[in-house]
Amino acid sequence: MGFLTASTLSGLIYDGVKEGASICFDLLKRKLKNWLIDDSEIEKIAELLIDAGINEDLAPHAIERKITEHQELNEFLKTIEYSGDIVNVTQSTNTGHNVYSAGSGNVRIGDVVANKGNS
C-alpha cells in the first residue's frame, strides 16, 4: 500500500473507539505503529481529524466520508508510507555476528530463524 487511505484510517480509528479509546494522539500512535510516521505527523493528523469534525460518536462510514471530504487531511495521508512489509537487515562482524533488523518478517542466518512478526 503506497499511502494511508481514508478507509484504512477510519477503520483504525473505529477499532480504537470500539475498545473505549477517544480519538487522540495515543490512539493514533498505537494504531499507526507500522506506518513511517513520526510524532509530529501524528499530532497533525489528530488536529486535522478534529478540524474535519471526526469524533467517537460517528460510525465507520461517517468517519471515512469526513476524512475523504477533508481535502487537507486527505492530501496529508497520501504522504504517509506503510512500513510493515519492509525489512532492513544490517550485519557486522565486529565481535561475533551482530544483526540488527527493523520491520517485520523472518531473519535467517544459517539454520537460525528469527520471526519478526507484527507485535
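Residues numbered from 1 in each chain as written. Predicted model: local features only at pLDDT ≥ 70, side-chain atom pairs only at ≥ 80, totals over all residues. Heavy atoms only, no water.

1. Points about the packing of helix H1 (residues 6-18) against helix H4 (residues 60-69)
Packing of H1 against H4 brings their axes to within 8 Å, and their N-to-C directions diverge by 135 degrees. As judged from the angle between their axes, H1 and H4 are oblique. As for the relative orientation of H1 and H4, their crossing is right-handed in sense. Where H1 abuts H4, its residues Ala 6, Ser 7, Leu 9, Ser 10, Ile 13 and Tyr 14 lie against Pro 60, Ile 63, Glu 64, Ile 67 and Thr 68. (Axes fitted to C-alpha atoms, helices over the stretch in contact; angles between N-to-C directions. Helix = DSSP H or I, 4+ residues; strand = E, 2+ residues; numbered from the N terminus. Parallel < 35°, antiparallel > 145°, perpendicular 65-115°, else oblique. Left-handed = near helix turned anticlockwise from the far one by under 90°. Contact = heavy atoms within 4.5 Å.)

2. Topic: the packing of aromatic side chains
Taken as a whole and judged by the stated rule, the model has zero aromatic pairs. A cation over a ring is seen here: Lys 44 above Phe 76, with NZ or CZ 5.9 Å from the ring centre. (Phe/Tyr/Trp six-rings, centres within 6.5 Å; stacked < 30°, edge-to-face > 60°. Lys NZ or Arg CZ within 6 Å of the ring centre and 35° of its normal.)

3. Points about the confidence of the model for the protein
Close reading of the predicted structure is inappropriate where its pLDDT is low. Mean pLDDT for the protein: 76, with 66% of residues reaching 70 or above. Per-element averaging of pLDDT across the protein places strand S3 (residues 88-92) at the bottom with 54 and helix H3 (residues 39-51) at the top with 91. (pLDDT = per-residue confidence, 0-100.)

4. Here's the deal with H4
Residues of H4 that are buried include every one of Ala 62, Ile 63 and Ile 67, and no others. Each buried residue of H4 lies within a common arc of 135 degrees when the element is viewed along its axis, so the set occupies one face. Set apart from the buried face of H4 by more than 90 degrees, the exposed residues are His 61 and Glu 69. Where the residues of H4 are buried, they touch H1, H3 and helix H5 (71-77). (Buried < 20%, exposed > 50% of the residue type's maximum accessible area, 1.4 Å probe, protein only. Arc of directions from axis to C-beta.)

5. Regarding the environment of Cys 24
With respect to the helices and strands, Cys 24 occurs in the loop between H1 and helix H2 (25-31). The spatial distance from the C-alpha of Cys 24 to the C-alpha of Ala 46 is 6.1 Å, given a sequence separation of 22 residues.

6. Considering the side chain of His 70
Counting through the fold element by element, His 70 comes out in the loop between H4 and H5. Taking relative accessible area as the criterion, His 70 reaches 13% and is therefore assigned buried. Only 2.7 Å separates the side chain of His 70 from the side chain of Asp 51, close enough to count as a polar contact. Not counting residues up to four positions away in its chain, the partners in contact with His 70 are Leu 48, Asp 51 and Ala 52. (Polar contact = N/O pair within 3.5 Å; in protein donor to acceptor, adjacent residues only side chain to side chain.)

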